Amino acid sequence: MSFPYQIQSFDHYLTEYKKSIDHPEKFWGEVAEHFVWKKKWDKVLEWNFKEPRVRWFEGAKLNITENCLDRHLADKADQPAIIWEPNDPTLPNRILNYRDLHGEVCRFVEVLKNNGVKKGDRVCIYMPMVPELAIAVLSCARMGAIHSVVFGGFSAQSIADRIEDAQCRIVITADGGNRGPKDIPLKATIDEALTKTSRIQKVIVFKHLGNTVNMQAGRDVWWQDEAKKITSTDSRAESMDAEDILFILYTSGSTGKPKGVVHTCAGYMIYTTYTFVNVFQYKPGDIYFCTADVGWITGHSYTIYGPLSAGATTVMFEGIPTYPDAGRFWNIIDKYGVNIFYTAPTAIRSLMGFGTDPLKDKKLESLRVLGTVGEPINVEAWHWYDEHIGRGRCPIVDTWWQTETAGIMISNLAGISQGKPSYATLPLPGVIPLLVDEKGLPVAGSDAGKDGVFHPGAKGEPVSGNLCIRFPWPSIIRTTYGDHERCRLNYFATYPDLYFTGDGAFRDAEGNYRITGRVDDVLNVSGHRIGTAEVENAINMYPDVVESAVVGYPHDIKGQGIYAYVILQSGHANQGGEKEGVSKMVNKVIGAIAKPDKIQFVSGLPKTRSGKIMRRILRKIAEGEMDNLGDISTLTDPGVVEEIKAGRL
Ligand code: PRX
C-alpha cells in the first residue's frame, strides 16, 4: 500500500476517526512518520485557543519541497508532476515531470537569491496559471521565503495593500496572462500598484505572452534572462522549523481590509497530503485536475502542495471553462485521461446553462471521482454533475473548508462514505465540529458521546447552529500576519475555547453536516469570499457617495450576488452615469470579482436609533421577501423602507 494512512472502508474511517479524537498526538504522529524530515519532532502538539497558540511537531526540521519533489525522484522522476494546459487549445501544452520540476525549482531558488531574497522575506506572487507560478511558489518554500500569492483578478490597490501589510520586498509576475478571450495585463497592474507602495526593490517578470511591457531599469528583470545566468544550482533545501511560516494568503472578513492568514510548514504539509489522499482516494498514477486558481487556498493546497506531496500528476489549466466553448473542461478530461476532477459549484451551474450539447462527443470514461468546493452545492447542480459528468458512477465529494483551515475539514470520502446532495457530510479524522447557539452553548443533542463529541456513525436529533471546531487540526490558522489580536478576535473570541468558522450548519439525524452559509457579513460570490464592509469602503470612495450598504442575494450562477444600496449627495437618481462610476470604483479598489450586480440609489438607509444599519431588512428586500420584514418600528425612519421596497431592482 502506497499510503499507509489511506482509509480503506467506512469501518476503517470510524476507527481512524475515534483514534484521532482519543489520541490525537499518537494519530498525527503516526501519519507524520510517512513524510521526509530533516529532524523529527520533540512534541506533536501544544495548544490553547485562548491566545491562540497552536504548535504542531515542535522541534522538527523539514522542507516541504523535499516531500513534494526530492522524495519522488527515486521512483517518479519521469512521471509528469504538472501537466499544463494553455488557455488557447491550439497552442502546445507543457508537461514537467518530477525531475524537470525539481530542476526548475532549484534553478529559480538561485534566481531569487541572486535578486536579494533571503530566508524569511515575503515575496508577492501575481501570476497567471502557468507552471512558473508553481515553480515560484515552490522555490520560495525551498529557500524559506514566505510567499504571498495574489489572485490575478485583484486590482492594483489590492496588490499594494497586500504588499504593504506583508512588507514584501519582491514581486514575481508575468508580462500578462490569458483568461478566455481576454489578455490580462499583469505587469501593467503591478506597475500601477508600485506607484502606491515603495517597498518593492525587485520585480521578476516571466515572459508569457510576449507583449510589450514597461521594464524599469534597476528594478525589473526578466525571469528568463535571470534563469539563463544560473550555471549551477545548490540542490539543498533550506532547513525549516515546523512552525516557520510557509505562506500568507489574504482573505476577506466581516470587518476591515482582507487579513493575511498565516500557515506554517509541517502541519500544513501533513494535513493537505492526508486529506488529498483520503478524500479523493488518490491512487498512484491517477491524473488529477483541480480547476482552482493558485491565487486561492484551493489552488495552494489541492493544485500544488497536496497532490505533489502525494506524488500525483496535477493538471494546471490557464483558461476558463467556457473558452473556446463550454466543453473545455470535458475536453481536458478526455485529453489527459483525468481520473479525479475537482471544481466549484458555480462552474457547474454556469456549464449547466449550456445544456448537454457540449457533452455530446465527450467520453469522460477516465473519471473516477468528482469533487466540489467553495460554496454550498445546490441539489439540482449536484444531480447534473452526477448524471452528466460522473455518468452516475463517480462519487461526488462535497468538501467544506476555508482559507483558515487550509485543508478539507468536512467531506465524504470517495467511495468510502456516502455522499448526500448538498451535504458536506462527515468530519475528517482529527476534526471535531460543534454546533452552538448564539450564546456559545452546544445546541440540543449536539454532544452525543460521553466524551462530548458527536461521533460519525452516531444517531441524534437534527439540529442547526453556528459551526465551531473544538480541537486543533494540523493546518489550523496560526495567526493573521502582523496582527495576532485580530486573529484571536475573529476566530477565537466569539465562543471561548472554540474556533468559530463564520458558517452556519445543519446536522441531520445521521450526523451529516450541511453548510447553510455564512452567518457573518461575508458574501460568497462564485465561491469567492468578499466582505460587505470591503465593498462598502470601495463604493464610498466614489466622490458623490454619502453612504452605502451591501448585502448578498441568491444568484442562479454565482450562488450569491452583490446588492448595493447607495445614497448619493446629488439625489437618488442615476443622472450622470453614477452607476458605472460606482461600479468602476469597486473594480479599481478591489477588482472585477467584487463589482455589485445591482446598485439601487436610495435617499436613506434603515437604521436603529443607535445608528446601526439594519442589514436584515436590506437583505430581505434584496432577496425579494418583502412581506416578511419583521419589526421595523425601532427604526429612526420607517418610511425609508417603503421607498427602498418600491425601488427594488
Ligand atoms: O462559507 C463556506 C464556504 O466558503 C467559505 C470559505 O471560503 P474560502 O476561505 O475562500 O475558501 C474556499 C475554498 C475552501 C466557508 O466559510 N464553503 C467552502 N466550501 C464549502 C462552503 N460552503 C458549503 N459547502 C462547501 N463545500
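Quick note: structure is the one above.
Reference entry: report on the structure contained in this document. (Residues numbered from 1 in each chain as written. Predicted model: local features only at pLDDT ≥ 70, side-chain atom pairs only at ≥ 80, totals over all residues. Heavy atoms only, no water.)

## Structural notes on the environment of aspartate 544
Alright, step 1. Relative to the helices and strands, aspartate 544 resides in the loop between α16 (532-540) and β28 (545-555).
Alright, step 2. Taking relative accessible area as the criterion, aspartate 544 reaches 16% and is therefore assigned buried.
Alright, step 3. Aspartate 544 sits 26 residues away from serine 570 along the chain, and the two C-alpha atoms are 6.9 Å apart.
Alright, step 4. Sequence-distant contacts of aspartate 544, defined by excluding residues within four places in its chain, comprise Ile567, Leu568, Gln569, Ser570 and Glu578.
Alright, step 5. Only 2.5 Å separates the side chain of aspartate 544 from the side chain of serine 570, close enough to count as a polar contact. (Helix = DSSP H or I, 4+ residues; strand = E, 2+ residues; numbered from the N terminus. Buried < 20%, exposed > 50% of the residue type's maximum accessible area, 1.4 Å probe, protein only. Contact = heavy atoms within 4.5 Å. Polar contact = N/O pair within 3.5 Å; in protein donor to acceptor, adjacent residues only side chain to side chain.)

## Re the sheet that holds strand β7 (residues 146-149)
Alright, step 1. Judged by pairing direction, the sheet is mixed, and its 8 strands sit side by side in the order β12-β11-β8-β6-β7-β14-β15-β23 without closing on themselves. Because the sheet does not close on itself, it has two edges, and the strands there are β12 (220-222) and β23 (479-480).
Alright, step 2. When strand β6 (residues 122-126) meets strand β8 (residues 170-174), the two strands line up parallel, connected through 4 bridges. Bridging from a neighbouring strand, isoleucine 125 pairs with isoleucine 172 of β8.
Alright, step 3. Contacting β7 and β14 (245-251), helix α11 (residues 297-309) crosses the sheet at an angle of about 140 degrees to β14. (Pairing = 2+ DSSP bridges. Axes fitted to C-alpha atoms, helices over the stretch in contact; angles between N-to-C directions.)

## Quick word on the sheet that holds strand β22 (residues 463-469)
Alright, step 1. Taken together, the 4 strands give an open sheet; going across it, the order is β21-β22-β24-β25, and neighbouring strands pair in antiparallel fashion. Edge positions in the sheet fall to β21 (433-436) and β25 (513-518), since each has one partner strand and no second. Put simply, the sheet's adjacent strands are angled 45 degrees from each other on average, direction ignored.

## Concerning unusual backbone geometry
Alright, step 1. Following glutamate 51, the chain continues to proline 52 via a peptide bond in cis, the omega torsion being -10 degrees.
Alright, step 2. One can find proline 52 in the loop between β1 (43-48) and β2 (53-58).
Alright, step 3. Cis geometry is adopted by the peptide bond preceding proline 324, which originates at tyrosine 323 and carries an omega value of -5 degrees.
Alright, step 4. Looking at where proline 324 falls in the secondary structure, it is placed in the loop between β17 (313-317) and α12 (328-336).
Alright, step 5. Positive phi is not limited to glycine here, since glutamine 281 has a value of about 50 degrees.
Alright, step 6. Here glutamine 281 falls in the buried class, since its relative accessible area comes to 8%.
Alright, step 7. For serine 526, which is not glycine, the phi torsion reads 50 degrees and is therefore positive.
Alright, step 8. Of note, serine 526 is situated in the loop between β26 (522-525) and β27 (528-531).

## Some thoughts on the side chain of threonine 273
Alright, step 1. With respect to the helices and strands, the residue threonine 273 is situated in helix α10 (residues 265-279).
Alright, step 2. According to the relative accessible area criterion, threonine 273 is buried, its value standing at 0%.
Alright, step 3. If we skip the residues at most four places from it in the chain, threonine 273 touches Tyr5, Phe35, Gly306, Ser309 and Ala310.

## Points about the packing of helix α18 (residues 615-623) against helix α19 (residues 639-646)
Alright, step 1. For the pair α18 and α19, the least separation of the axes is 10 Å and the interaxial angle reads 25 degrees. Relative to α19, the element α18 is oriented roughly parallel. Crossing angle aside, the handedness with which α18 passes α19 is right-handed. On the side of α18, the interface is formed by Ile617, Leu618 and Ile621, while α19 contributes Val641, Ile644 and Lys645.
Alright, step 2. Considered class by class, the residues forming the contact of α18 with α19 number 5 nonpolar, no polar and 1 charged. (Parallel < 35°, antiparallel > 145°, perpendicular 65-115°, else oblique. Left-handed = near helix turned anticlockwise from the far one by under 90°. Nonpolar A, V, L, I, M, F, W, Y, C, P; charged D, E, K, R; others polar.)

## A short note on the state of the cysteines
Alright, step 1. Summed over all chains, the structure comprises 0 disulfides.
Alright, step 2. Of the cysteine sulfurs around cysteine 68, a residue in no disulfide, the closest is that of cysteine 265, at 11 Å.
Alright, step 3. On the basis of relative accessible area, cysteine 68 is assigned to the buried category, the value being 0%.
Alright, step 4. Left without a disulfide partner, cysteine 394 is nearest to the cysteine sulfur of cysteine 290, which lies 17 Å away.
Alright, step 5. On the basis of relative accessibility, which here comes to 5%, the residue cysteine 394 falls in the buried class. (Disulfide = S-S within 2.5 Å.)

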